[in-house]
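Coordinate inspection notes
Below, each chain spelled out in residue letters.
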Amino acid sequence: MAHRQRRRRRPSGPSQITAKLTIPFVGEISGTWEPADAERSAAWELYLELVTRVSVEELGRDEGFLREALSSFYTFFNTTREILRRYGPDVAPPLTPGNVSFGFLAVTVLNRVLRPLLSSWHPRLTAYESRRPEGSDPMVWEREWEHSDALRVEIAAVRRSLTSLARTLQEVAGVSDLITLPTPPPPGPGRDLGHPPPQAGGTVTAEGTERAPLLLAA
């Protein structure tokens, strides 16, 4: 039996949007974006990177490793440059005042959001980690660092910036929200926790469920 070849979905999305990007401790920049097909494809790739490798979920006071967060941002920095190189000039056309492009937003994030954080905090955290006594818990040692709270504040600001970028990329790519996903309600009283409910394996819908942030890998 012959199988029909699945047709690849062409890039689709709005012909024009108002793009907004939050810059930590500076403010918000915005502009009109009229994306070409190459920009929509690049937007999808970078959006996927944000929602699967770089967490846009805020960390609580006693959650996560600062080192993991910085490493995740560093990986995103390199991946963004790879996407820019691969798509080339098509994602960075000449712009008139008040307009933006994929290239403009991506490079702004690299140079004004990620680079200041990484260049300042990576060597400071590395120097502190090098003094950790042998056999001590890395997490406990990190949380005892006198600058840990200050770094968390800056990481939170960067996450908010990346979230604003992700929302813009989502709109341009014309795809669904992959940052917050519906989750099923907790088991009710008396439910057998050892077996899945009758509808397990089917599609989870948003109706009757709460929306919760997606937990993402670094």
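Overview of the structure. Bear in mind the structure is a predicted one, so any value in this text is a computation, not a measurement. (Residues numbered from 1 in each chain as written. Predicted model: local features only at pLDDT ≥ 70, side-chain atom pairs only at ≥ 80, totals over all residues. Heavy atoms only, no water.)

1. Structural notes on the packing of helix α1 (residues 37-52) against helix α5 (residues 148-173)
Where α1 contacts α5, the axes come no closer than 8 Å and their chain directions differ by 140°. One element, α1, and the other, α5, form an angle in the oblique class. Handedness of the crossing formed by α1 with α5: left-handed. Side by side, α1 and α5 meet where Arg 40, Ala 43, Trp 44, Leu 46, Tyr 47 and Leu 50 of the first sit next to Leu 162, Leu 165, Ala 166, Leu 169, Gln 170, Val 172 and Ala 173 of the second. Classifying every residue of the contact of α1 with α5 gives 11 nonpolar, one polar and one charged. (Axes fitted to C-alpha atoms, helices over the stretch in contact; angles between N-to-C directions. Helix = DSSP H or I, 4+ residues; strand = E, 2+ residues; numbered from the N terminus. Parallel < 35°, antiparallel > 145°, perpendicular 65-115°, else oblique. Left-handed = near helix turned anticlockwise from the far one by under 90°. Contact = heavy atoms within 4.5 Å. Nonpolar A, V, L, I, M, F, W, Y, C, P; charged D, E, K, R; others polar.)

2. Here's the deal with α1
Compared with the 22 Å implied by 1.5 Å per residue over 16 residues, the 23 Å span of α1 between its first and last C-alpha is a close match. Of all the residues in α1, the buried ones are Ala 38, Glu 39, Arg 40, Ala 42, Ala 43, Leu 46, Tyr 47, Glu 49, Leu 50 and Val 51. Its buried side turned inward, α1 meets β2 (27-33), α2 (66-87), α3 (102-129) and α5. (Expected span 1.5 Å × (residues − 1). Buried < 20%, exposed > 50% of the residue type's maximum accessible area, 1.4 Å probe, protein only.)

3. Section: the pattern of salt bridges
The tally for this structure, following the rule as stated, stands at five salt bridges. Put simply, Arg 86 and Glu 45 hold a salt bridge, and the shortest N to O gap is 2.0 Å. With a gap of 41 residues between them, Arg 86 in helix α2 and Glu 45 in helix α1 connect regions that are remote in the sequence. The salt bridge partner of Asp 177 is Arg 167, with a shortest N-O separation of 3.0 Å. Taken together, the residues span a long stretch of sequence, with Asp 177 in the loop between α5 and β4 (180-183) and Arg 167 in helix α5 at a distance of 10 residues. Take Arg 167: its relative accessible area is 34%, and that puts it in the partly exposed class. (Salt bridge = Lys/Arg side-chain N within 4 Å of Asp/Glu carboxyl O.)

4. Some details on the nonpolar core
Ranked by internal contacts, the top residues of the largest apolar core, which has 48 residues, are Trp 33, Phe 73, Phe 76, Phe 102, Leu 151, Leu 165 and Leu 169. Where this core is concerned, the elements lending two or more residues are β1 (17-23), α1, α2, α3 and α5. Those residues in contact with Trp 33, other than ones at most four positions away along the chain, are Ser 15, Gln 16, Ile 17, Ala 19, Glu 39, Val 100, Ser 101, Phe 102, Leu 105, Thr 168, Leu 169 and Val 172. (Core = buried A, V, L, I, M, F, W, Y, C linked by side-chain atoms within 4.5 Å.)

5. Here's the deal with the packing of aromatic side chains
Going through the model one piece at a time under the given rule, you end up with four aromatic pairs. The interplanar angle of 90° and the centroid separation of 5.8 Å between the aromatic rings of Trp 121 and Trp 145 together place this pair among those described as edge-to-face. Of the two residues, Trp 121 sits in helix α3 while Trp 145 sits in the loop between α4 (138-143) and α5, which places them 24 residues apart along the sequence. Under the relative-accessibility criterion, Trp 121 is labelled buried at 3%. (Phe/Tyr/Trp six-rings, centres within 6.5 Å; stacked < 30°, edge-to-face > 60°.)

6. With respect to the packing of α1 against α2
Look at α1 against α2: their axes get within 11 Å of each other, and the N-to-C directions meet at 165°. Compared by their axis directions, α1 and α2 come out roughly antiparallel. Relative to α2, α1 is oriented so that their crossing is right-handed. Packed against α1, whose contacting residues are Ala 38, Ser 41, Ala 42, Glu 45, Leu 46, Glu 49 and Leu 50, the element α2 presents Thr 75, Phe 76, Thr 79, Thr 80, Ile 83, Arg 86 and Tyr 87 at the interface. Of the residues that constitute the contact of α1 with α2, the class distribution is seven nonpolar, four polar and three charged.

7. Thoughts on the pairing of β1
The side-chain alternation of β1 yields one buried face, formed by Ile 17, Ala 19, Leu 21 and Ile 23, and one unburied face, formed by Thr 18, Lys 20 and Thr 22. Pairing of β1 with β2, which is carried by seven bridges, proceeds in the antiparallel orientation. Across the sheet, Thr 18 pairs through a bridge with Thr 32, a residue of β2. The turn linking β1 back onto β2 is made up of three residues, and Phe 25 within it adopts a positive phi angle of 60°. (Pairing = 2+ DSSP bridges.)

Function cannot be read off these values alone, since they describe shape.
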